[in-house]
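Here's the letter readout for the chains.
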Amino acid sequence: MRRGHGCTADRGRRVRTVTCLRMTFVMAALYVPGHEHYAVDSLVGTPDGTGALGMTGEPLVVLDKVNKHFGDLHVLQDIDLTVHKGEVVVVIGPSGSGKSTLCRAINRLEPIGSGTITLDGVPLPAEGKELARLRAEVGMVFQSFNLFAHKTVLDNVMLGPVKVLKKDKASAERRARELLDRVGIAEQADKYPAQLSGGQQQRVAIARALAMDPKVILFDEPTSALDPEMINEVLDVMTALARDGMTMVVITHEMGFARKAANRVVFMDGGRIVEEAEPHEFFSHPRSDRAKDFLSKILSH
């Protein structure tokens, strides 16, 4: 009886592990005051600070009249937003403005109440295998790193491609090592997450998202849980991705990154998109009183 019970427990653990893997890898696959001065010498951008270089392509992520409620709280109100291929869209705004909910709605981590969201022309299904397939094309990097503590860095990056994409281990390992090198931590491959700094762990999370070969990566305040001295190393990696043409939606309070790496800045407040513009235009000439007030508080320190 004990043996049978143990087998049942083992099966339960395997089910939970697979479920965890699917949540972490299929969907994958920032507020830190005082860092608006983030060093921008190495950032993507034009000399006049007008934003990231490069032309954007066809529409990739399209939100049309999207609404979301938490009980009586209307957290997303008639959201219309289009993200083009190769574009870096930075979403900023005060806490509670709906930024993270918007980010999570794009891959249905938060179901919406009304409206439509399409990825590369395909509407996001409400549930099932089709939703899982589309989620595999949307990487996500969270505030917390969500790494498997009992797996090495290399194994964390390999698990998604092997378990979800069904790639062979040899090719998955080659790709994982390439990505770890790309984010600057190739030498940490055999270590465990607890042996890394917060900035290193977040770079592992970025490599893990990239391992799924996503069409777009969503960053939900990826530096907010980091010590101040670790923030730049993560922003440097994100900037390099922007330079390489990765489509990105970034929720952040890092104004230096928004100013120099974004193609477009979207300002939210009260569940609405108040205004959006190219970085130079937004930071130099905000149109709405709410954006002017927000920037006066954020940029004055």
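That block above? That's the structure.
Being a predicted model, the structure only gives us computed values, none of them experimental.

What counts, and where the lines are drawn
- Residues numbered from 1 in each chain as written.
- Predicted model: local features only at pLDDT ≥ 70, side-chain atom pairs only at ≥ 80, totals over all residues.
- Heavy atoms only, no water.
- Phe/Tyr/Trp six-rings, centres within 6.5 Å; stacked < 30°, edge-to-face > 60°.
- Helix = DSSP H or I, 4+ residues; strand = E, 2+ residues; numbered from the N terminus.
- Buried < 20%, exposed > 50% of the residue type's maximum accessible area, 1.4 Å probe, protein only.
- Lys NZ or Arg CZ within 6 Å of the ring centre and 35° of its normal.
- Salt bridge = Lys/Arg side-chain N within 4 Å of Asp/Glu carboxyl O.

**So, the packing of aromatic side chains**
For the coordinates displayed, the defined rule picks out three aromatic pairs. Taking the centre distance of 5.2 Å and the plane angle of 50 degrees together, the rings of F267 and F294 count as tilted. With a gap of 27 residues between them, F267 in strand 9 (residues 264-269) and F294 in helix 10 (residues 289-298) connect regions that are remote in the sequence. Its relative accessible area of 0% is what places F267 among the buried residues. What makes F294 buried here is its relative accessible area of 6%. Between the aromatic rings of F282 and F283, the centroid separation amounts to 5.3 Å while the plane-to-plane angle is 80 degrees, which identifies the pairing as edge-to-face. The pair F282 / F283 is uniform in exposure class, with both members buried. Joined through ring pairs, the aromatic side chains of F267, F282, F283 and F294 make up one cluster. Sitting over the face of the ring of F283, R259 holds its NZ or CZ atom 4.6 Å from the ring centroid.

**Section: the pattern of salt bridges**
Tallied over the entire structure, the rule returns 18 salt bridges. Between K215 and D120 there is a salt bridge, and its shortest N-O distance comes to 2.8 Å. With K215 in the loop between helix 6 (198-211) and strand 7 (216-220) and D120 in the loop between strand 4 (114-119) and strand 5 (122-123), this residue pair connects regions lying 95 residues apart in the sequence. Assessed through its relative accessible area of 32%, K215 is described here as partly exposed. The residue R290 makes a salt bridge to D293 at a minimum N-O spacing of 3.4 Å. With R290 and D293 both in helix 10, this residue pair falls three residues apart, about one helical turn. In the salt-bridge network here, residues are joined through shared partners; they are K85, D120, E137 and K215.

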